Amino acid sequence: MSVKIGNIDLGEFPLLLAPMEDVSDPPFRFVCKQNGVDMMYTEFISSEGLIRDAAKSRQKLDIFEYERPIGIQIFGSDINTMREATEIASHVNPDLIDINYGCPVKNVACRGAGASLLQDVEKMVAMTKAVVEATPLPVTVKTRLGWDDNTKNVYEVAERLQDVGIQALSIHGRTRAQLYKGQADWRMIRDIKHNPRIRIPIFGNGDVDSVEKAAAWRMEYEVDGIMIGRASIGYPWIFREIKHFFNTGERLAGPTIIERVDVCRTHLQKSVEWKGDKTGIFEMRRHYANYFKGIPHFKEYRMRLVSLTDINDIHAVLDEISEQFEMEVA
C-alpha cells in the first residue's frame with residue numbers, strides 16, 4: 001500500500017530528506033532529488049522572520065517544480081505569528097506545511113520554539129490547530145520523544161496532534177536533552193505506530209546512516225518511512241543505495257570519484273545560481289570535506305578548495321582530484 005499525506009502519494013516506503021538548517025537549501029535538495037529522495041523539506045523558517053519580511057526567511061521559501069513533493073517547515077513561539085506565517089508560506093504553493101517541534105538548539109528551544117513546545121503540550125496543540133486552520137494544505141509535524149528522560153510525552157503528542165488535524169508525524173528518536181548525542185531510540189516510535197488510535201503515517205528519524213540499518217529498522221520498527229538527515233550530507237547517494245537494496249536485496253556499489261566530483265560540481269553550480277557567485281562559493285565550502293570523506297590525503301585539496309574565490313579555479317582543482325584519485329577510490 002502507498003503511504004499518503006493528504007493527496008500526496010509517496011509510494012510504498014518513502015525516504016524523506018530531513019530539514020537541516022544551513023544544509024537543506026535548494027542546491028542541496030537538487031542533488032538529493034537526483035538520487036531518489038521521495039519527499040523533501042525546506043530549511044526551517046522563522047515565523048517571526050516571515051511576518052517581518054526578513055530577506056533570509058523569505059529566501060528560504062524558494063521552491064522549484066522539480067522538487068515536488070516538498071514541504072515548507074516553520075517554527076515559532078507565538079500562536080498568532082505561526083498562523084500568519086502559515087498563510088504566507090501557503091501562498092508559494094508548497095505541497096504541505098510542516099511544523100518544527102523538534103529543534104533542540106539553544107537559540108530556538110530557549111526562546112519557546114522548536115522542542116521547547118514539548119514542555120507545553122496545551123500550547124503545542126493550540127498552535128497546531130491554528131496552523132491547520134490557516135491553510136488548505138496538509139500539515140505535518142516533526143518532533144522528538146520528549147524534553148528529557150523524565151518527560152517523554154510523544155505518545156500524548158501524537159494522539160492530540162492527530163486529533164487537531166495533522167496528516168503525518170516524523171519523530172526523532174532522542175529527547176531534547178540528548179541533542180544529537182547517544183543513540184536514537186526508535187522503540188517509542190514503533191509503539192506509536194502500533195497504537196490503534198493512530199491513523200496517520202509515522203516516519204522514523206535519527207541515526208539511519210547505512211543501507212543495512214535502514215533495512216533492519218524498517219522491519220524492526222515498522223514505520224511508514226524513514227527520514228534521513230546528517231547521513232545525506234556529502235552523500236546524497238544514500239537514498240539511491242537504500243532504494244536499490246529494498247528493491248533487489250543487493251548492495252549498490254558506492255559512488256566513484258568521478259561521480260563524487262560530478263555531484264560536487266552540480267551542487268556548486270546550483271549554489272552559485274541561487275545565491276550568486278560570492279555567497280554561493282563561500283557557503284559551498286562547508287560541503288567539500290563531506291563529498292570526499294575517506295579519500296586519503298585529501299586535506300591539501302580541501303584547504304585549496306576553501307581558499308578559492310573563483311569558480312573556474314575551483315573546477316580546476318576538482319579536475320585535479322578526479323584525475324589524481326580515479327584509480328584509488330571505487
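Refer to the structure printed above.
Residues numbered from 1 in each chain as written. Predicted model: local features only at pLDDT ≥ 70, side-chain atom pairs only at ≥ 80, totals over all residues. Heavy atoms only, no water.

**Concerning the packing of aromatic side chains**
Remark: the centre distance and the inter-plane angle together describe each pair of aromatic rings, the angle taken between the planes.
No. 1: Per the stated rule, a full pass over the model turns up twelve aromatic pairs.
No. 2: Arranged with centres 5.2 Å apart and planes meeting at 85°, the rings of Phe-30 and Tyr-66 form a pair that is edge-to-face. Residue Phe-30 is located in helix H1 (residues 26-34), and its partner Tyr-66 is located in the loop between helix H3 (55-59) and strand S6 (70-75); the two are separated by 36 residues in the primary sequence.
No. 3: Judged by relative accessible area, Phe-30 falls into the buried class, the value being 15%.
No. 4: Measuring from centroid to centroid gives 5.8 Å for Trp-217 and Tyr-221, while their planes differ by 90°, and the two rings are edge-to-face. Placement of both Trp-217 and Tyr-221 in helix H9 (residues 211-221) is noted, with a separation of four residues, approximately one turn of the helix. (Phe/Tyr/Trp six-rings, centres within 6.5 Å; stacked < 30°, edge-to-face > 60°. Helix = DSSP H or I, 4+ residues; strand = E, 2+ residues; numbered from the N terminus. Buried < 20%, exposed > 50% of the residue type's maximum accessible area, 1.4 Å probe, protein only.)

**Looking at the pattern of salt bridges**
No. 1: All told, the structure shown has 26 salt bridges when counted by the stated rule.
No. 2: Two residues, Asp-207 and Arg-174, come together in a salt bridge whose shortest N-O distance is 2.7 Å. With Asp-207 in the loop between strand S10 (202-205) and H9 and Arg-174 in the loop between strand S9 (169-172) and helix H8 (187-194), this residue pair connects regions lying 33 residues apart in the sequence.
No. 3: Take Arg-174: its relative accessible area is 1%, and that puts it in the buried class.
No. 4: One continuous salt-bridge network, built from bridges that share partners, spans Asp-25, Lys-275 and Glu-283. (Salt bridge = Lys/Arg side-chain N within 4 Å of Asp/Glu carboxyl O.)

**Here we look at the environment of Asn-35**
No. 1: Considering the arrangement of structural elements, one finds Asn-35 in the loop between H1 and strand S4 (40-41).
No. 2: Sequence separation of Asn-35 and Asp-148 is 113 residues, and the distance between their C-alpha atoms is 35 Å.
No. 3: Discounting chain neighbours no more than four positions away, the residues touching Asn-35 are Pro-236, Trp-237, Phe-239 and Arg-240. (Contact = heavy atoms within 4.5 Å.)

**Digging into the packing of H9 against helix H10 (residues 237-248)**
Any two packed helices are characterised by the angle at which their axes cross and by the distance between the axes.
No. 1: At their nearest, the axes of H9 and H10 sit 9 Å apart, and the two run at 55° to each other. In terms of orientation, H9 and H10 fall into the oblique class. For the pair H9 and H10, the crossing hand works out as right-handed. Packed against H9, whose contacting residues are Val-211, Ala-214, Ala-215 and Arg-218, the element H10 presents Glu-241, Ile-242, Phe-245 and Phe-246 at the interface.
No. 2: Across the contact of H9 with H10, the residue classes break down as six nonpolar, no polar and two charged. (Axes fitted to C-alpha atoms, helices over the stretch in contact; angles between N-to-C directions. Parallel < 35°, antiparallel > 145°, perpendicular 65-115°, else oblique. Left-handed = near helix turned anticlockwise from the far one by under 90°. Nonpolar A, V, L, I, M, F, W, Y, C, P; charged D, E, K, R; others polar.)

**Topic: the nonpolar core**
No. 1: Grouped together as the largest cluster of nonpolar side chains are 87 residues, with contacts concentrated most on Trp-186, Ile-226, Phe-292 and Ile-321.
No. 2: Beyond its immediate sequence surroundings of up to four residues, Ile-226 is in contact with Phe-13, Pro-14, Leu-15, Leu-16, Trp-186, Gly-204, Val-208 and Ala-214.
No. 3: Counting residues in each nonpolar core, the second largest holds twelve residues, with Ala-18, Tyr-41, Leu-96 and Met-227 among its members. (Core = buried A, V, L, I, M, F, W, Y, C linked by side-chain atoms within 4.5 Å.)

**What about H10?**
No. 1: The end-to-end C-alpha distance of H10 is 16 Å, a good match for the 16 Å that twelve residues give at a rise of 1.5 Å each.
No. 2: Taken together, the buried positions of H10 are occupied by Trp-237, Ile-238, Phe-239, Glu-241 and Ile-242.
No. 3: Tucked inside the fold, the buried residues of H10 contact strand S3 (15-17), H1, H9, strand S11 (225-228), helix H11 (257-275) and helix H13 (288-291). (Expected span 1.5 Å × (residues − 1).)

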